[in-house]
Amino acid sequence: MARPKIALIGAGQIGGTLAHLAAIKELGDVILFDIADGTPQGKALDIAESGPSEKFDAALKGTTSYEDIAGADVCIVTAGVPRKPGMSRDDLLGINLKVMKSVGEGIAANAPDAFVICITNPLDAMVWALREFSGLPHQKVVGMAGVLDSARFRHFLSLEFDVSMRDVSAFVLGGHGDTMVPLTRYSTVAGIPLPDLVKMGWTSQEKLDEIVQRTRDGGAEIVGLLKTGSAYYAPATSAIEMAEAYLKDQRRLLPCAAWCDGEFGLDGMYVGVPTIIGANGIEKVVDIKLEKDEQAMFDKSVEAVRGLVSACKGIDDSLA
Ligand code: APR
């Protein structure tokens, strides 16, 4: 059987890391696409040359031609510009919206059956725009944010509790921005919910609040340290987890920016919610019941995403 084909649209920091991970995990053959001629070809060759040591069987090709992504099973989109210190994800909207138009059209023309994972920021608005420009089914176009935000939350919690990250599970909902909603009630250490761990004296409410805030600011913390760009290792790993769930029909329950039409009381928008990813893409949005304060935080986050979507409509008439 032929190997799956994974097209990476954008061969920058995240794109290159995605290519390396996809090859090492032997998820399929990799096409790296970018508009900067030389970059995708150079990265593809460099990664292919790591194959003898890593011992993977995967073909890698770099290209500036959309025709090379023909028939891709998965497309992961990182094309666009990342943040610099002092910028919010929302500051990228105007530039990256134009990029989503060309990428959406390129995917529609060449890989209309692909499962498309968008990483480009501001995430919730860009995944919406990418879906609009591509015209692909909603359940095949998703945004990667929740897996990363919850990974950051899990990492900070494992440091606080001094336990393995494997035993920490965490839940983050809402938009991928300052209003994201880390849900402590649904986050656990080996099944023990965080509020119980506070009662058990493993941490204090103040410390937990600090960790929640650090999670919300997780991307900015890395931007501040790197100074020249934004995070790429953990974002790439998170998207690979989603791609693997699709390619292997794992039916993983993962938080993603997914299309909600009825779920969570929403009438057609992309926002971070728990989903099941399997062979059909988003198999299900898991519509959990929120408590009053959680609902208020979620509503605020939804409003922030709506604001970005209407800004996109203001920039590009075809989206209105
Ligand atoms: N089509 C294809 N590729 C493009 C286009 C386009 N229209 N415009 C820009 N690119 C390419 C750039 O040439 C660059 O190689 O996208 C790549 C982006 O790579 P980086 O600048 O290294 O950015 P990266 O860190 O990978 O982040 C990409 O993901 O997390 C988000 O906020 C982040 O929006 C940013 C995106």
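Residues numbered from 1 in each chain as written. Predicted model: local features only at pLDDT ≥ 70, side-chain atom pairs only at ≥ 80, totals over all residues.

> Just to check I follow, could you spell out the environment of Glu26 for this structure?
Within the secondary structure layout, Glu26 lies in the loop between α1 (13–24) and β2 (29–33). The sequence separation of Glu26 and Phe56 amounts to 30 residues, and the corresponding C-alpha distance is 6.3 Å. Those residues within four positions of Glu26 in sequence are excluded, and the remaining contacts are Phe56, Asp57 and Ala58. (Helix = DSSP H or I, 4+ residues; strand = E, 2+ residues; numbered from the N terminus. Contact = placed C-beta atoms within 7 Å.)

> Just checking my understanding: could you explain the domain arrangement of the chain for this structure?
Accessible area lost upon the coming together of the parts serves often as the stated size of an interface. Here the chain is partitioned into domain 1 (3–142) and domain 2 (145–311). Taken over C-alpha atoms, the centre of domain 1 sits 22 Å from the centre of domain 2. Each partner contributes residues to the interface: domain 1 has 33 residues there, and domain 2 has 34 residues. Put simply, the parts of the chain that give the side of domain 1 that touches domain 2 at least two residues each are α1, β4 (74–77), β5 (115–118) and α5 (123–134). If one sorts the elements of the side of domain 1 that touches domain 2 by residue count, α1 sits on top with six residues. Considering only residue class, the side of domain 1 that touches domain 2 consists of 21 nonpolar, five polar and seven charged. (Domains from an automatic or database assignment. Nonpolar A, V, L, I, M, F, W, Y, C, P; charged D, E, K, R; others polar.)

> How do you make sense of helix α8 (residues 205–216) when you look at a structure like this?
Since one α-helical turn is 3.6 residues long, residues separated by three or four positions face the same way. Taking 1.5 Å as the rise per residue, α8 with twelve residues should run 16 Å; its terminal C-alpha atoms sit 17 Å apart, in good agreement. Within α8 the residues assigned to the buried category are Leu208, Ile211, Val212, Thr215 and Arg216. Looking straight down α8, one finds its buried side chains confined to an arc of 145°; they lie on one side. For α8, the exposed residues set more than 90 degrees away from the buried face come down to Glu206, Lys207, Asp209 and Gln213. Tucked inside the fold, the buried residues of α8 contact α6 (146–161), β9 (181–182), α7 (194–199) and α9 (218–226). (Expected span 1.5 Å × (residues − 1). Buried ≥ 20, exposed ≤ 12 C-beta atoms within 10 Å, placed from the backbone. Arc of directions from axis to C-beta.)

> Could you clarify how one ought to interpret the site of the ligand in this entry?
In the region of the ligand, 29 residues are neighbours, and Gly12, Gln13, Ile14, Ala79 and Asn121 sit closest. When contributions to the shell around the ligand are tallied by element, the ones reaching two or more residues are α1 and α4 (93–110). Looking at which element gives the most residues to the shell around the ligand, the answer is α4, with four residues. Looking at the shell around the ligand, its residues break down into 14 nonpolar, 13 polar and two charged. (Near = placed C-beta within 6 Å.)

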